[in-house]
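# Survey of secondary and tertiary structure
Residue strings, one per chain:
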Amino acid sequence: MTTTTPATTPDTTPATPTTTGSTSGTTGSRLGRRNRSRLTDTIVWVVLAAGAVFMIAPLVWMFSTSLKTKLEVFALPPVWIPEVPQWDTYVRMWTDSYVLDGIKNSLIVSLSVTVIGTFTCSLAAFALAKMRMPFKNAIFVGLLTGIMIPFPTIMIPQFVMFSKIGWVDTLWPLIVPAIFGNIVMIFFLRQYLSSVPDSLVEAAKIDGASYWQIFWRMIMPIIRPAVAAQFILWFMAVWNDYLAPILYLNTPERQTLQVVIANMNVEYATQRDYPLIMAASVVAVLPILVVFLIFQRQIIESVALTGTKG
């Protein structure tokens, strides 16, 4: 009798791989990256916060000093918050100094130079970037060469020229040379326009548009963010200018605000009336803050577009 051994059926069930270790590793790496990202963000925030404190502290001290008494200015330890704010310092500032005349003269110079000069700079940048004219590159190189000439080099010949035509002790020497354009602004706008395709200008010309229509309806909306950024920088430079006004302006009623504050520093520092000087300095900073707040969005947009183009 033959005994038959039953065949053993092989186990064909696939083995399930173990994924616990790999999942744990992936989760751990994600958590590690997240923790490193949080640490980096915290370090950046601390550094920026410290920088903001160092930048804002002088402005806070200036405003605080304008409200102190003369004794609190020199008190040790320093007094950040005056016990009784002296708001009458700002009243004395208007009556005992030429701050109001300085603000008026500075606004006349700054607004006339920046508004008219921005228009002429935009026209020059458009001509140098998109128009066909002979010796265009040579003209642009000549303009760039002018940046290398510092103002003290031409200060005396320019003063002699304006004195011969009777412009000394007037605002004309501060306005007329600047309204024809700023070389830095022309350079910036020309480089900004270099990213605009020439085909757009050619298509507008084929459609019958004049160069003035192309500039006003097509180019100006494109370069508006760049114009806003350069406008505030130029306004700040003209508003804070001291060398040219002190050179040409002698009469206190015709001096700009920076010269008025400098004269106040000479006159009232001997009397230790630093609150009055600080009050005038606070007033001098306010227009810059207002202009920056108005054009803040355009400045950020200009920086963003400059970084993404090219």
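Everything quoted here is computed from the prediction, not taken from an experiment.

### A closer look at a positive patch on the surface
Taken together, the side chains of Arg30, Arg33, Arg34, Arg36 and Arg38 present a region of like positive charge at the surface. Looking at where Arg30 falls in the secondary structure, it is placed in helix 1 (residues 20-66). Judged by its relative accessible area of 54%, Arg30 falls in the exposed class.

### Topic: helix 3 (residues 88-96)
Residue pairs three or four apart in sequence face the same way in an α-helix, which turns once every 3.6 residues. Residues of helix 3 that are buried include every one of Thr89, Tyr90 and Met93, and no others. Across the axial projection of helix 3, the buried residues extend over an arc of 100 degrees, all falling on one side. In helix 3, the exposed positions angled more than 90 degrees off the buried face are occupied by Val91 and Thr95.

### A word on the packing of aromatic side chains
This model, assessed by the stated rule, comprises 17 aromatic pairs. Measuring from centroid to centroid gives 5.0 Å for Trp61 and Trp80, while their planes differ by 75 degrees, and the two rings are edge-to-face. Residue Trp61 is located in helix 1, and its partner Trp80 is located in the loop between helix 2 (70-73) and helix 3; the two are separated by 19 residues in the primary sequence. On the basis of an interplanar angle of 15 degrees and a centroid distance of 5.6 Å, the ring pair of Phe162 and Trp167 is categorised as stacked. By relative accessible area, Trp167 is classed as partly exposed at 25%. Taken together, the ring pairs in this structure connect Phe119, Phe126, Tyr211, Trp212, Phe215 and Trp216 into an aromatic cluster. The residue whose ring lies beneath Lys68 is Trp61, and the NZ or CZ to ring-centre distance is 3.5 Å. In this arrangement the basic side chain of Arg190 is found over the ring face of Phe140, its NZ or CZ atom lying 4.1 Å from the centre.

### Let's talk about the side chain of Glu72
By secondary structure assignment, the location of Glu72 is in helix 2. Although Glu72 is buried, it forms no salt bridge, and the closest oppositely charged side chain is Lys68 at an N-O distance of 6.9 Å. Side-chain polar atoms of Glu72 contact the backbone nitrogen of Glu83, separated by 3.3 Å. Residue contacts for Glu72: discarding those within four places in its chain leaves Val79, Pro82 and Glu83.

### Focus on the packing of helix 4 (residues 99-130) against helix 7 (residues 172-179)
Between helix 4 and helix 7, the shortest axis-to-axis distance is 8 Å and the interhelical angle comes to 15 degrees. Compared by their axis directions, helix 4 and helix 7 come out roughly parallel. Crossing of helix 4 against helix 7: the hand is right-handed. Within the contact between the two elements, helix 4 uses Ile108, Val109, Ser112, Val113, Ile116, Gly117 and Thr120 and helix 7 uses Leu174, Ile175, Ala178 and Ile179. The residue makeup of the contact of helix 4 with helix 7, split by class, is eight nonpolar, three polar and no charged.

### Considerations on the confidence of the model for the chain
For residues with low pLDDT, the predicted coordinates do not support detailed interpretation. Taken residue by residue, the chain gives an average pLDDT of 82. The fraction at 70 or more is 86%. When the criterion is pLDDT under 50, residues 1-10 qualifies, and its contacts beyond four places in sequence or with other chains add up to zero contacts.

Cut-offs and rules
Residues numbered from 1 in each chain as written. Predicted model: local features only at pLDDT ≥ 70, side-chain atom pairs only at ≥ 80, totals over all residues. Heavy atoms only, no water. Patch = residues over 30% accessible without salt bridge, like charges linked within 9 Å, V, L, I, M, F, W, Y side chains within 5 Å. Areas by Shrake-Rupley, 256 points an atom, 1.4 Å probe, with all protein chains shown as cover. Salt bridge = Lys/Arg side-chain N within 4 Å of Asp/Glu carboxyl O. Lys, Arg positive; Asp, Glu negative; His and termini not counted. Charge placed at Lys NZ, Arg CZ, Asp CG, Glu CD. Helix = DSSP H or I, 4+ residues; strand = E, 2+ residues; numbered from the N terminus. Buried < 20%, exposed > 50% of the residue type's maximum accessible area, 1.4 Å probe, protein only. Arc of directions from axis to C-beta. Phe/Tyr/Trp six-rings, centres within 6.5 Å; stacked < 30°, edge-to-face > 60°. Lys NZ or Arg CZ within 6 Å of the ring centre and 35° of its normal. Polar contact = N/O pair within 3.5 Å; in protein donor to acceptor, adjacent residues only side chain to side chain. Contact = heavy atoms within 4.5 Å. Axes fitted to C-alpha atoms, helices over the stretch in contact; angles between N-to-C directions. Parallel < 35°, antiparallel > 145°, perpendicular 65-115°, else oblique. Left-handed = near helix turned anticlockwise from the far one by under 90°. Nonpolar A, V, L, I, M, F, W, Y, C, P; charged D, E, K, R; others polar. pLDDT = per-residue confidence, 0-100.

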